[in-house]
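The lines below spell out each chain.
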Amino acid sequence: MLSTNVLADNSNDINRSINDSVVEAGDMLQILIPATGFFAAWMYDDFEGAKQLTYSTLSTQLIVHGAKQAVGRSRPNESSWNSFPSGHTAAAFSGATFLQSRYGAKWGIPAYLGATFVGASRIHGNRHYAGDVVAGASTAFMMNQFFTSPYRKDGIYINAQPTADGFALGVTVTDEVLKHSNKHSSQPLNKLKHRLELGVGVNLADSSAQAGASEYLSKDELIDEYQPFSYINYQYQLGGGDSYELEFLPTETRRRGTVANDFTIDGVPYKAGEEVLTAFRHWMLGSNIYKGLQLSNSVKLDVGLGLYLHMIELDVDLDNGGGKYANEDHWRAMPAATAKLSWSLSEDVSAVSNVQYQNWEGDSYILAEAGLRYHFNEAWDVGMKYSYTETELDNSKFLASYDSQNIVLTFANRF
């Protein structure tokens, strides 16, 4: 590992910390939002809700801090090796998801806005990468789904009737309440319209070297050898086996090295022999709509069309003290065709594969992946998959061709 003791006079515009009112507000909100959850529970005299918030928040932080130690990712400002996932974001989303799930949108919407601000402030302050924020927020959401139930439900009726000795109190609970009273129980699959999947992975290929670093740098090395990343995938069942999908996958790789051949980025020239720090980002946001085809009792094929927006960006600065910062980015929207195959091998295990092709005016993106999922019940599953991607950029200043080879763990909840 590289040294993490980056002194202020050695920092540059890539790894320099930002300390301003945005970061300070995020620090406050990551405490205030879950505190608001406890305050709301007090307002409603809801001891059960306070208990659920405690369970979800503590379990989230245990997972987050365990992952920090296991992954060991360098923070963007290189102050420590515990960047992944974001604890501040996880704390804020623990409060926000609880307020939404327990007390509804009037509490949840402003809390979600505040939690989103916390995540943005961590990226803005150079404390976390976007993938760290995605992982922290998603972990909080998953734990909230496991522990939290709504505070009030339609279908519960209380009635009182006078008797000779006083009065009799009766409670009527309808079937509708009983169906949804326990979030841990298995519900019919057709009742679970939403699915949220968190993917956490490592890239075994040196994508940034393929994208041009190996051509222009020597004696270079990745700051994070295994390049951890995360993504979030949301699906909504439309009925009849059809579905809608929205996903966000941000990746960033940083490396430092010596300029081997003169090059220019954004009008800034870099000379052979200069020591530089580089940051290479590829963020992808897309949506698809799928037609579901049940090929047999155990095999389902989903065929989809969609649109993806890619943001590819390169930052360069002198490693020791900065002073020559340059940035170039390339945005590309590409239509996509996707085919997903799911094969139930047993009641609990299924094999999954996914092939996607995106292309527009010479730029292209190819995805191929395969793996296994274990279903605890119809609401929860975990999985592991191998994913290969290939990116070709022929219409940008980068003119880059690179691939990634990823091992990914997935965690999903239907609700």
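Keep in mind that this is a model prediction, so the values were computed, not measured.

Once that is clear, we can look at the confidence of the model for the protein. Should the pLDDT be low somewhere, the predicted coordinates at that spot are not to be read in detail. Here the protein averages 91 in pLDDT, while 88% of its residues score no lower than 70. Low pLDDT (under 50) marks residues 1-8, which in the prediction has 16 contacts with non-local residues, meaning those over four places away or in another chain. Ignoring residues within four places in sequence, the model shows residues 179-189, a span with pLDDT below 50, making 17 contacts including any to other chains.

The description of an aromatic ring pair rests on the distance of the ring centres and on the angle between the ring planes. All told, the structure shown has 17 aromatic pairs when counted by the stated rule. Here the aromatic rings of Tyr-55 and Phe-147 are separated by 5.8 Å at their centres, their planes lie at 50°, and the arrangement is tilted. Linking Tyr-55 in helix α2 (residues 47-71) with Phe-147 in helix α5 (residues 130-147), this pair joins segments that are 92 residues apart in sequence. By relative accessible area, Phe-147 is classed as partly exposed at 24%. Ring geometry for Phe-280 and Tyr-402: centres 5.5 Å apart, planes at 85°, overall edge-to-face. Here Phe-280 is found in strand β9 (residues 275-294), whereas its partner Tyr-402 is found in strand β15 (residues 401-414), with 122 residues between them in sequence. According to the relative accessible area criterion, Phe-280 is buried, its value standing at 10%. Each member of the aromatic cluster is reached from another via a ring pair, and the members are Tyr-44, Phe-98, Tyr-103, Trp-107 and Tyr-151.

What follows covers the nonpolar core. One finds Ile-265, Tyr-270, Val-276, Val-316 and Tyr-402 to be the most contacted residues of the largest nonpolar core, which totals 19 residues. In terms of residues, this core owes the most to one element, strand β10 (residues 299-318), which gives 4 residues. Setting aside residues up to four positions removed in sequence, Val-276 forms contacts with Leu-217, Arg-255, Arg-256, Gly-257, Val-259, Tyr-270, Val-316, Asp-317, Leu-318 and Asp-319. Ile-33, Phe-98, Trp-107 and Ala-140 belong to the second largest nonpolar core, which has 17 residues in total.

Attention now moves to the pattern of salt bridges. By the definition in use, this model includes 23 salt bridges. With its nearest N and O atoms 3.4 Å apart, the salt bridge here joins Asp-27 to Arg-122. Placement of the pair is Asp-27 in helix α1 (residues 21-43) and Arg-122 in helix α4 (residues 105-124), with a sequence separation of 95 residues. A salt bridge links Arg-281 to Asp-315; the nearest nitrogen and oxygen atoms lie 2.8 Å apart. One end of the pair, Arg-281, is in strand β9; the other, Asp-315, is in strand β10, and 34 residues separate them in sequence. Among the charged side chains, a salt-bridge network with shared partners connects Glu-252, Arg-254, Arg-281, Glu-313 and Asp-315.

Tracing the chain through its elements places Leu-314 in strand β10. Along the backbone, Leu-314 and Phe-398 are 84 residues apart, and their C-alpha atoms lie at a distance of 8.9 Å.

Our next topic: helix α7 (residues 207-216). Regarding α7, the residues found buried are Ser-207, Ser-208, Ala-209, Ala-211, Gly-212 and Ala-213. Close packing links the buried residues of α7 with β3 (194-203), β4 (217-222), β6 (242-259), β9 and β15.

Right, let's talk about empty space enclosed by the protein for a bit. Applying the stated criterion across every chain yields a total of 2 cavities of 30 Å³ or more. Of the voids in this model, the largest cavity is the one considered here, and its volume is about 40 Å³. Lining the largest cavity are Arg-73, Tyr-129, Asp-224, Gln-227, Glu-252, Thr-253 and Arg-254. Here the residues of the lining of the largest cavity are counted per class, giving 1 nonpolar, 2 polar and 4 charged. Considered as a void within the structure, the second largest cavity measures approximately 30 Å³ in volume. Lining the second largest cavity are His-282, His-310, Ile-312, His-330, Arg-332, Met-334, Thr-391 and Leu-393.

A word on a nonpolar patch on the surface. Taken together, the side chains of Tyr-236, Leu-238, Tyr-244, Leu-246, Leu-285, Ile-289, Leu-309 and Trp-331 make up a nonpolar region of the molecular surface, amounting to roughly 730 Å² of accessible area. When residues of the nonpolar patch are traced back to their parent elements, those giving at least two are β5 (228-239), β6 and β9. Topologically, Leu-238 is positioned in strand β5.

Inspection of the secondary structure puts Asn-413 in strand β15. Of note is the side chain of Asn-413, whose polar atom sits 3.2 Å from the backbone oxygen of Ala-379. Residues contacting Asn-413, with those up to four places away along its chain left out, are Met-142, Gln-145, His-194, Arg-195, Leu-196, Ala-379 and Trp-380.

On to the packing of α2 against helix α3 (residues 87-103). Relative orientation of the contacting elements α2 and α3 amounts to 155°, with a least axis distance of 10 Å. The orientation of α2 relative to α3 falls into the category roughly antiparallel. As α2 runs across α3, the sense of the crossing is right-handed. Within the contact between the two elements, α2 uses Glu-48, Gly-49, Gln-52, Leu-53, Ser-56, Thr-57, Thr-60, Gln-61, Val-64 and Lys-68 and α3 uses Gly-87, Ala-90, Ala-91, Ser-94, Gly-95, Phe-98 and Arg-102. Looking at the contact of α2 with α3 residue by residue, the classes come out as 5 nonpolar, 9 polar and 3 charged.

Calculation rules
- Residues numbered from 1 in each chain as written.
- Predicted model: local features only at pLDDT ≥ 70, side-chain atom pairs only at ≥ 80, totals over all residues.
- Heavy atoms only, no water.
- pLDDT = per-residue confidence, 0-100.
- Contact = heavy atoms within 4.5 Å.
- Phe/Tyr/Trp six-rings, centres within 6.5 Å; stacked < 30°, edge-to-face > 60°.
- Helix = DSSP H or I, 4+ residues; strand = E, 2+ residues; numbered from the N terminus.
- Buried < 20%, exposed > 50% of the residue type's maximum accessible area, 1.4 Å probe, protein only.
- Core = buried A, V, L, I, M, F, W, Y, C linked by side-chain atoms within 4.5 Å.
- Salt bridge = Lys/Arg side-chain N within 4 Å of Asp/Glu carboxyl O.
- 1 Å grid on protein atoms, 1.4 Å probe; cavity = no way out; pocket = protein on both sides within 12 Å on 5 of 7 lines; lining within 4 Å.
- Points joined across faces, edges and corners; volume = space filled by probe spheres on them.
- Nonpolar A, V, L, I, M, F, W, Y, C, P; charged D, E, K, R; others polar.
- Patch = residues over 30% accessible without salt bridge, like charges linked within 9 Å, V, L, I, M, F, W, Y side chains within 5 Å.
- Areas by Shrake-Rupley, 256 points an atom, 1.4 Å probe, with all protein chains shown as cover.
- Polar contact = N/O pair within 3.5 Å; in protein donor to acceptor, adjacent residues only side chain to side chain.
- Axes fitted to C-alpha atoms, helices over the stretch in contact; angles between N-to-C directions.
- Parallel < 35°, antiparallel > 145°, perpendicular 65-115°, else oblique.
- Left-handed = near helix turned anticlockwise from the far one by under 90°.

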